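Structure assessment
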There are 2 protein chains.
Amino acid sequence: MLDERKFMILRAIIDDYILTAMPVGSRTISRKQGVGFSPATIRNEMSDLEELGYLAQPHTSAGRVPSDKAYRLYVDSLLKRDELTEDEKLRISDYISRRAGQVEDVIRAAADILADETQYTSVIVAPRIQTLRIKRVQLVPVDEGTALMIVVTGAGIIKDALLSVPSDMSAENLYRLSEMLTNELGGHSLSEVRQIFAGVFRNLSINRRLLGGVLKVMEEKLTEDAPEDVVIGGTTKLLNYPEYSDIEKAKNFLSVFESKDRLAGLLKKAGGMEISIRIGTENEIEQLKDCSLVTATYRVGQHGRGTLGIIGPTRMDYHRVVTIMQYMGGVISKLLSGENYEE
Amino acid sequence: MLDERKFMILRAIIDDYILTAMPVGSRTISRKQGVGFSPATIRNEMSDLEELGYLAQPHTSAGRVPSDKAYRLYVDSLLKRDELTEDEKLRISDYISRRAGQVEDVIRAAADILADETQYTSVIVAPRIQTLRIKRVQLVPVDEGTALMIVVTGAGIIKDALLSVPSDMSAENLYRLSEMLTNELGGHSLSEVRQIFAGVFRNLSINRRLLGGVLKVMEEKLTEDAPEDVVIGGTTKLLNYPEYSDIEKAKNFLSVFESKDRLAGLLKKAGGMEISIRIGTENEIEQLKDCSLVTATYRVGQHGRGTLGIIGPTRMDYHRVVTIMQYMGGVISKLLSGENYEE
DNA sequence: ATTAGCACTCGACAGGTGAGAGTGCTAACG
DNA sequence: CGTTAGCACTCTCACCTGTCGAGTGCTAAT
């Protein structure tokens, strides 16, 4: 429905607007390399594009500004994916790998470098621990009557909690109990723990009365719903963009990050798509109506998955963001799935 | 050097300015309850106070604004400490206790409620783990050739790291090694680990080569300088105050929180004082020259200590802040030192 | 010593003006 | 017939101006 030339002009407008954040006039476009038309011609086309809903005028006789619809078209059909330079790739993967170790450290590092590279605010949702496979369960004595329960996967600790245990329980006993639990639960995910426990109770060969209480508490701790683990990087990056030079808007925007749960929900709406872009009002959240949200998915092992995203103004540099996110998704997946824990 | 009346007037001015953030005029003070003087008299006194460096005028014929020096006098001699209401006490201690468990959870909760109650930005430095007494060291097998090392103190996990171990090392052996390490290191602080290791190496009765590697990694992991663990709450609270309605100032302020290390250094300068207040330029950090920093110390067990602080405009409500901080210092100390891990 | 009175200063605000950027329309051109 | 030059028009923004009010400092009276 849009002919070649309109496409070209629209693209030029968006490119310019992304760069300058100022309404784009016909002359600006006409002067561009590769555009062989006079301002008047461009004006006619722009007028058409406005009628079609791709452009908007803040007021008569300002230039024009792309609408959400325009950005949508832009990312759907005009977006070319670049490759990152070797330099950039190295910078990113180095930064993240250097802190490899605990899942949380990786996520934290990833959020930081993502925000730094894109200059937008980054958000990463940690993999739902419920889906990870348990490797070991270990009880460690802490005090008379207190033990620390630790659940381990290939990626490190995923859950730990303090329990009270019968005070006459020896370290030896705790160790044996750990072995038993590891046998029972190893290889399963947290979400399956509850069913398994039913079985464990039945087969109890050890002193049932002594252990009953402990097991119950453990079951609770293991199955309780962990709050969504969301890491945010570069919260204040947005303040560098002119569209947020107004304090009210800035506050409004920042308020989105107060509720991590809502944020996690938002990110996860993207579903399993490799890259998802939601522009302006597509976000359904009032405060983000002038923002775009780009999300990507990463994997942890066979079953775990998490989401990384960046939030920026609708006039964001989609090329760059998409390219970076794609690369980072890969890096994170590899780090968190691989068993590379030499260091 | 300041007579009774000047004191009184200065105090009235500060009180008013804290409330309104607007330069205070002579009439405003004169109209106040308990001030029996005409504006003219007040003006004379204010003029004196200005000469003495306690007040400043943004421009002729605006009212006057208290200087850092005035705030200093205010907190040193005019500050009366209130008690919190039972209601507030309960709200605070409840909020924090509810998440008791891991040190980090407590700190996180404390930072949140502190920011909420004061409406300023809160910062809490976690206790230096170096000074905590080790309770146990536990090695947990994760994979062929990989183990997770967990160091436990009375307050829960404080450090964990993945190590590679000889791939023929059994769970049984790891367990025995854990016992040995616990014996050697238990009761000592992390900062002493390095010396102890020297001794351990000498007494090694088990396969020396096998253990050598493990110990080396452990030493590294245990003694490496952990980055300061700093938790920040209510970062954007400051945006609600008129002095930060300018984006540039806001950005400037927020940049302080980018480097947690510097922030930690700043907080710790307060030293061991129970409550320390640094006003405006006393902070030595350019970006905080319009801010005050109130810090308090909390204790963890015998030797651990950490700092909690809030950062707000110099015209902050010192009464309230000090009162809250004092109370919270107590609550945190009790929670992190006490051995109350029933639940 | 205190206060009333008054002239003075300065910022905030409203209204007015001109420049500049950009538009839409029309008529001319290849 | 598509393209373009020209032009009148619109709207914002920056700047200037005058007025108003808050607050001061000084002086003289109490």
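Calculation rules
Residues numbered from 1 in each chain as written. Chains lettered and ligands numbered in written order. Predicted model: local features only at pLDDT ≥ 70, side-chain atom pairs only at ≥ 80, totals over all residues. Heavy atoms only, no water. Domains from an automatic or database assignment. Contact = heavy atoms within 4.5 Å. Buried area = accessible area lost by both parts, 1.4 Å probe. Salt bridge = Lys/Arg side-chain N within 4 Å of Asp/Glu carboxyl O. Polar contact = N/O pair within 3.5 Å; in protein donor to acceptor, adjacent residues only side chain to side chain. Helix = DSSP H or I, 4+ residues; strand = E, 2+ residues; numbered from the N terminus. Axes fitted to C-alpha atoms, helices over the stretch in contact; angles between N-to-C directions. Parallel < 35°, antiparallel > 145°, perpendicular 65-115°, else oblique. Left-handed = near helix turned anticlockwise from the far one by under 90°. Nonpolar A, V, L, I, M, F, W, Y, C, P; charged D, E, K, R; others polar. Near = heavy atom within 4 Å. Buried < 20%, exposed > 50% of the residue type's maximum accessible area, 1.4 Å probe, protein only. Pairing = 2+ DSSP bridges. Patch = residues over 30% accessible without salt bridge, like charges linked within 9 Å, V, L, I, M, F, W, Y side chains within 5 Å. Areas by Shrake-Rupley, 256 points an atom, 1.4 Å probe, with all protein chains shown as cover. Lys, Arg positive; Asp, Glu negative; His and termini not counted. Charge placed at Lys NZ, Arg CZ, Asp CG, Glu CD. Core = buried A, V, L, I, M, F, W, Y, C linked by side-chain atoms within 4.5 Å.

Our focus in this paragraph is the domain arrangement of chain A. Residue and element names in this part refer to chain A. Splitting chain A by domain gives domain 1 (4-78), domain 2 (86-127 + 228-336) and domain 3 (130-222). Put simply, the middle of domain 1 and the middle of domain 2, counted by C-alpha atoms, are 28 Å apart. Taken together, the contact pairs 11 residues of domain 1 with 15 residues of domain 2. Sorting the residues of domain 1 by area buried against domain 2 places I18, D68 and R72 first, and these three jointly supply 48% of that buried surface. Inspection of the domain 1/domain 2 interface yields 1 salt bridge. Residue E282 is joined to R72 by a salt bridge in which the shortest nitrogen-to-oxygen separation is 2.7 Å. One can count 4 residue pairs in polar contact (both at pLDDT 80 or more) joining domain 1 with domain 2. Listing elements by their share of the side of domain 1 that touches domain 2, those giving two or more residues are α1 (4-20) and α4 (68-78).

The next thing to look at is the packing of helix α5 (residues 86-98) of chain B against helix α6 (residues 103-118) of chain B. Residue and element names in this part refer to chain B. Closest axis-to-axis distance for the α5/α6 pair is 8 Å, and the angle between their directions is 150°. When the axis of α5 is compared with that of α6, the two are roughly antiparallel. Helix-helix and strand crossings are classified by hand; for α5 and α6 the assignment is right-handed. Packed against α5, whose contacting residues are R91, I92, Y95 and I96, the element α6 presents V106, A109, A110, D112, I113 and E117 at the interface. Among the residues forming the contact of α5 with α6, the class breakdown is 7 nonpolar, no polar and 3 charged.

It is worth spelling out the protein's contact with DNA strand D at this point. In the region of DNA strand D, 20 residues are neighbours, and R5, T41 and S61 of chain A together with S26 and R64 of chain B sit closest. Among atoms of DNA strand D positioned within 4 Å of the protein, sugar and phosphate together represent 74%. Contact between DNA strand D and R5 of chain A: a phosphate oxygen at 2.8 Å from a side-chain N or O atom of the residue. Counting only elements with at least two residues in the surface near DNA strand D, the list comes to α3 (39-51) of chain A together with α3 (39-51) of chain B. Looking at which element gives the most residues to the surface near DNA strand D, the answer is α3 of chain A, with 4 residues. Across the surface near DNA strand D, the residue classes tally to 4 nonpolar, 12 polar and 4 charged.

So, on to the pairing of strand β9 (residues 291-300) of chain A. Residues and elements named next belong to chain A. Counting buried residues in β9 gives 9 out of 10 residues, a clear majority hidden from the surface. Relative to β9, strand β8 (residues 275-279) runs antiparallel, the two sharing 5 bridges. Looking at the pairing, I279 lines up with S292 of β9. With 10 bridges connecting them, β9 and strand β10 (residues 304-313) associate as antiparallel partners.

Close to DNA strand C lie 20 residues; S26 and R64 of chain A together with R5, T41 and T60 of chain B are nearest. Counting only atoms of DNA strand C within 4 Å of the protein, the fraction found in sugar and phosphate groups is 71%. Between a base oxygen of DNA strand C and a side-chain N or O atom of S61 of chain B, the distance comes to 3.0 Å. Contributing elements (two or more residues each) for the surface near DNA strand C: α3 of chain A together with α3 of chain B. The element contributing the most residues to the surface near DNA strand C is α3 of chain B, with 4 residues. Residues belonging to the surface near DNA strand C are distributed by class as follows: 4 nonpolar, 12 polar and 4 charged.

Tallied over the full model, the rule gives 42 salt bridges over all chains. Across the pair E45 of chain B and R5 of chain B runs a salt bridge whose closest N-O atoms are separated by 2.5 Å. One end of the pair, E45 of chain B, is in helix α3; the other, R5 of chain B, is in helix α1 (residues 4-20), with 40 residues separating them in the sequence. Residue R5 of chain B is classed as partly exposed on the basis of its relative accessible area, which comes to 29%. E86 of chain B is paired through a salt bridge with K89 of chain B; the nearest N and O atoms lie 3.9 Å apart. Of this pair, E86 of chain B and K89 of chain B both sit in helix α5, 3 residues apart, which is roughly one turn of the helix. Here the salt bridges do not stand alone but share partners, grouping D3, R5, K6, E45 and D48 of chain A into one network.

Here we take up a negative patch on the surface. A grouping of E104, D105 and D229 of chain A together with E104, D105 and D229 of chain B is seen on the molecular surface, where their side chains present a negatively charged patch. Within the residue set of the negative patch, elements represented by two or more residues are α6 (103-118) of chain A together with α6 of chain B. Summarising the element assignment, D105 of chain A is placed in helix α6. Note on D105 of chain A: relative accessible area 40%, which makes it partly exposed.

On to the sheet that holds β10 of chain A, then. All names here are of chain A. Here 5 strands make up an open sheet; going across it, the order is β7-β3-β10-β9-β8 and the pairing antiparallel. If you trace the sheet from one side to the other, it starts and ends with β7 (230-233) and β8, each paired once. Across this sheet, the average inter-strand angle for adjacent strands is 15°, counted without regard to direction. Pairing analysis gives 5 bridges linking strand β3 (residues 121-125) to β10, with the strands arranged antiparallel. If you follow T121 over to β10, its bridge partner there is I311. Most of the contacts of α6 go to β7, to which it runs at about 30°, and overall it touches β3, β7, β9 and β10.

What follows is about the sheet that holds strand β7 (residues 230-233) of chain B. Residues and elements named next belong to chain B. Pairing is antiparallel across the open sheet formed by 5 strands, whose spatial order is β7-β3-β10-β9-β8. What marks the edges here is a single partner per strand, and that holds for β7 and β8 (275-279). Averaged over all neighbouring strand pairs, the angle between strand axes comes to 15°, with direction disregarded. Helix-sheet contacts for α6 involve β3 (121-125), β7, β9 (291-300) and β10 (304-313), and the interaxial angle to β7 is about 30°.

Glancing now at the nonpolar core. For soluble globular proteins, the rule of thumb is that nonpolar side chains tend to be buried together. Core analysis: the largest hydrophobic core is formed by 102 residues, its most contacted members being V294, Y318 and M328 of chain B. At 10 residues, helix α12 (residues 318-337) of chain B tops the list of elements feeding residues into this core. Excluding its chain neighbours within four sequence positions, the residues that come into contact with M328 of chain B are I92, I96, A110, I113, L114 and L308 of chain B. In terms of nonpolar packing, the next biggest core, distinct from the first, is built from 59 residues, V24, I42, I96 and L308 of chain A among them.

All names here are of chain A. For β3, a buried count of 5 out of 5 residues is recorded, marking the element as mostly surrounded by other parts of the structure. Residues T121, V123 and V125 of β3 are buried on one face, and the alternating residues S122 and I124, pointing to the opposite face, are buried as well. Two strands pair when backbone bridges link them, and β3 and β7 are joined in this way by 4 bridges, in the antiparallel orientation. Bridge pairing in β7 places I124 opposite V231.

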